[in-house]
Amino acid sequence: MKRLIKNGTLVDAQGEYRQDLLIDNGVIRARAAHIQPDDETEVIEADGCYVMPGGIDVHTHFNIDVGMARSCDDFFSGTRAAACGGTTTIIDHMGFGPAGCNLHHQLARYHDYAADQAVIDYGFHGVIQHVDDDILHEMAAMVQEEGISSFKLYLTYRYKLGDSDVLRALARLKEVGALATVHPENDAAIAVRREALLAAGHHEPWYHPQSRPLACEAEAISRMINLAALAGNAPLYIVHLSNGLGLEYLKLARRQGQPVWVETCPQYLLLDDSCYHLENGVDYLLSPPLRGRCEQDKLWVGLAAGDIDTVATDHCNFSHAQRMTLSGGDFSRCPNGLPGVENRMLLLFAHGVLGGRITPSRFVVLTSANPARLFGLWPRKGNLQPGADADLVVMDPRGETLISHQQLHDNGDYSPYEGMRCQGRIRLTLSRGEIVARDGEFLGRRGHGRFLARAPFAPELNSLLYPAPH
């Protein structure tokens, strides 16, 4: 079916254009100042709206088993929520498998989770929970045969990696054309602080950020930067940055020519550690924790300046009921993570673009173009040029949206952004030319989403995203 989006302002990573956009058979076919529809074309009126590439959320955790609990969003409910929030592609971080399992084990499991369930297109990041010669050898097949061109390393949690294993993994990932994504926190320091707090009888949620202060995150970021340098300048991507000190380390590495990139999330831009003092403080437990408001300011400056490359969500949804049943209010026994895949695009549009902090083009860079380039989806995704998939979101700067979980589409029972008023609204989401959401109503179908085998990581991305100064 052909669809023509008329009279909107197209926005891509390069600029804004008063153009119509023609879709045919799920692909963008043309864009021009005026396109005349034929009798077989459905016209979508977008006057006064921005027409942008659909969002790409490169950090979700659907159907993840964290040992004590399984998240309440599977690949249907999670991608349904994403679609209603203007996101048309997700790349999910696979959870840990059994001790000693190979890399393909979790990939097979996650293909089963997502097949015939996802309503938008999806991919997976590999997960490295131990390192030996067999794992290092297997990485090449994951990249070349399976389309998994990024892998997650953890410096904390059950399958944390030591420095020697990190160094071996980084060198091999560079060799096979994969990007290392890292959860950076100093596990030893966290363990000492948590044990001291619990021994003193401090179990309430507001002690969670005290157990994982920003120095634990920043130290691990600086260590990963140095290990990546020792691994031959292996490409490095830091997930869910929450603080300014870590950002300073990343900026220094970039000035020295290292290929490093960094992601932050809406919760670190808009929520702060005062949330832990709320009656439902357990609902805000995630790692790294929410920080003070001064850290928010540093992250917003980094977004505008180009020092932060992507905004993702780290969507990992445990209901309030799950949290209270498992923890009884004890921060050390509560599963960590926040929902947010449905709110990312609107929150950044309202507080970033309409708040005057970033331009519409910078919004596209952060939410779709950079994610597509970094994770092997460009130019098929994150792009409004003819030949790209017709993954689109129509953003209306007029009006106001009140965030209420009652109106959301995940499987949880709360939103961390409950009651937040956002200027603007999401009018329409299209996935490969099909309308999957309109004005907050889900119109898609289970199984529409396709698995995306991603291209190997491209070394030229460093100069593409960060050209040498003139």
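If you're wondering where the values come from, they're calculated on a predicted model, not measured in any experiment.

**Student:** Let's hear about the packing of helix 7 (residues 214-230) against helix 8 (residues 244-255): which residues, and what values?
**Tutor:** Packing of helix 7 against helix 8 leaves a shortest axis separation of 8 Å and a crossing angle of 15°. Here helix 7 is positioned roughly parallel relative to helix 8, judged by the angle of their axes. Where helix 7 crosses over helix 8, the handedness of that crossing is right-handed. Two secondary-structure elements touch here, helix 7 through Leu214, Ala218, Ile221, Ser222 and Ile225 and helix 8 through Leu245, Gly246, Tyr249, Leu250 and Ala253. Among the residues forming the contact of helix 7 with helix 8, the class breakdown is eight nonpolar, two polar and no charged.

**Student:** Quick one: what's the story with the packing of aromatic side chains, residue by residue and with numbers?
**Tutor:** Under the counting rule described, the total for this entry stands at 18 aromatic pairs. Their ring planes at 90° and their centres at 5.5 Å tell us that Phe62 and Phe75 sit as a pair that is edge-to-face. Placement of the pair is Phe62 in the loop between strand 8 (55-60) and helix 1 (75-84) and Phe75 in helix 1, with a sequence separation of 13 residues. Phe62 sits in the buried class, given a relative accessible area of 0%. When its relative accessible area of 0% is taken as the criterion, Phe75 is described as buried. Here Phe349 and Phe363 contribute two aromatic rings whose centre-to-centre distance is 5.9 Å and whose plane-to-plane angle is 75°, an arrangement assigned as edge-to-face. Placement of Phe349 in helix 12 (residues 344-353) and of Phe363 in helix 13 (residues 360-374) is noted, with a sequence separation of 14 residues between them. Taken individually, Phe349 and Phe363 each receive the classification buried, so the pair is uniform in this respect. Joined through ring pairs, the aromatic side chains of Phe62, Phe75, Tyr110, Tyr113, Tyr122, Phe124 and Phe451 make up one cluster. Stacked on the ring of Trp300, the Lys or Arg Arg357 has its end atom at 4.3 Å from the ring centre. When the ring centre of Phe76 is taken as origin, the NZ or CZ atom of Arg446, which lies over that ring, is 3.8 Å away.

**Student:** Before we move on, can you summarise the UniProt feature "domain: Amidohydrolase-related" (unreviewed entry) in the protein with the specific residues and values?
**Tutor:** Residues given the UniProt feature "domain: Amidohydrolase-related" (unreviewed entry) here are residues 50-436. Between the first and last C-alpha atoms of residues 50-436 the distance is 18 Å; the span itself is 37% helix and 19% strand.

**Student:** Describe the nonpolar core, with residues and values.
**Tutor:** Counting residues in hydrophobic clusters, the biggest one holds 109 residues, and the most contacted among them are Leu170 and Phe363. For this core, the element with the highest residue contribution is helix 12, accounting for seven residues. With sequence-adjacent residues up to four places away left out, Leu170 is seen in contact with Leu153, Ala180, Met224, Leu227, Ala228, Ala231 and Ala234. In this structure, Ala388, Ala390, Val394 and Leu428 belong to the second largest nonpolar core, which totals 17 residues.

**Student:** Can you tell me about unusual backbone geometry, naming the residues and giving the values?
**Tutor:** A cis amide bond, omega 0°, links Ser287 with the succeeding residue Pro288. Here the residue pair Trp378 and Pro379 is connected by a cis peptide bond, since its omega of 5° sits within 30 degrees of zero. Positionally, Pro379 belongs in the loop between helix 13 and strand 16 (392-402). Positioned with a positive phi, Asn25 is a non-glycine residue whose angle comes to about 55°. Of the residues examined, Asn25 reaches a relative accessible area of 62% and is grouped as exposed. Despite not being glycine, His240 has its phi angle at roughly 35°, a positive value.

**Student:** Now, about the pairing of strand 5 (residues 27-32): what can you tell me, with residues and values included?
**Tutor:** Two elements, strand 4 (residues 20-24) and strand 5, share five bridges in a ladder whose sense is antiparallel. Among the inter-strand pairings, Asp20 is bridged to a residue of strand 5, identified as Ala32. Between strand 4 and strand 5, which pair antiparallel and follow one another directly, the connecting turn spans two residues, one of which, Asn25, has a positive phi of 55°.

**Student:** So what about the layout of surface pockets? Which residues, and what values?
**Tutor:** The space that makes up the largest pocket amounts to roughly 720 Å³. Around the largest pocket, the lining comprises 35 residues; the ones closest to its centre are Val66, Tyr157, Ser287, Pro335 and Asn336. Of all the secondary structure elements, the ones that give two or more residues to the lining of the largest pocket are strand 11 (150-154), helix 5 (187-199) and helix 6 (208-211). Take the lining of the largest pocket: its biggest share by element is three residues, from helix 5. Considered class by class, the residues forming the lining of the largest pocket number 15 nonpolar, 13 polar and seven charged. Lining the second largest pocket are 17 residues, with Cys84, Leu346, Thr401, Asp439 and Gly440 sitting closest to its centre. Taken together, the elements giving at least two residues each to the lining of the second largest pocket come down to strand 16 and strand 17 (421-431).

Thresholds applied
- One numbering rule holds for all chains: residues counted from 1, following each sequence as written.
- Side-chain atom pairs in this predicted model are given and counted only at pLDDT of 80 or more, local residue features only at pLDDT of at least 70, and totals for whole chains, interfaces and linings cover all residues.
- Side-chain calculation: all heavy atoms of the structure are included, whereas hydrogens and water are not.
- Structural elements are reduced to axes, namely lines fitted to C-alpha atoms, with helices fitted over the stretch in contact, and the angle between N-to-C directions of any two is expressed from 0 to 180 degrees.
- Note on conventions: DSSP H or I runs of at least 4 residues are helices, E runs of at least 2 residues are strands, and numbering of each starts at the N terminus.
- Angular relationships are summarised with four words: roughly parallel below 35 degrees, roughly antiparallel beyond 145, roughly perpendicular across 65 to 115, and oblique for the angles in between.
- Crossings are sorted by hand: turned counterclockwise from the far helix by less than a right angle, the near helix makes the crossing left-handed, and turned clockwise it makes it right-handed.
- The contact criterion used is simple: two residues touch if any of their non-hydrogen atoms lie within 4.5 Å.
- For this classification, Asp, Glu, Lys and Arg are treated as charged, while Ala, Val, Leu, Ile, Met, Phe, Trp, Tyr, Cys and Pro are nonpolar and the rest, including Gly, are polar.
- Only centres within 6.5 Å qualify two rings of Phe, Tyr or Trp (six-membered ring in Trp) as a pair; their planes then separate them into stacked at under 30 degrees, edge-to-face at over 60, and tilted for everything else.
- The classification of residues rests on relative accessible area computed with a 1.4 Å probe and restricted to protein chains. Under 20% of the type maximum is buried, over 50% is exposed, and intermediate values are partly exposed.
- Over a ring means this: the NZ of a Lys or the CZ of an Arg is within 6 Å of the ring centre and within 35 degrees of the ring normal.
- UniProt positions are given in the numbering used here, feature names are shortened, and annotations may be inferred rather than shown by experiment.
- Residue types Ala, Val, Leu, Ile, Met, Phe, Trp, Tyr and Cys, when buried and joined through side-chain atoms within 4.5 Å, form a set referred to as a nonpolar core.
- When DSSP finds two or more bridges between two strands, those strands count as paired.
- Buriedness of a pocket was judged along seven lines, with at least five required to meet protein on both sides within 12 Å; pockets are open sets of points on a 1 Å grid over the protein atoms alone, cavities are sets where a 1.4 Å probe fits but cannot get out, and lining residues have an atom within 4 Å of a point.
- Grid points are joined across faces, edges and corners, and a volume is the space filled by probe spheres set on the points.

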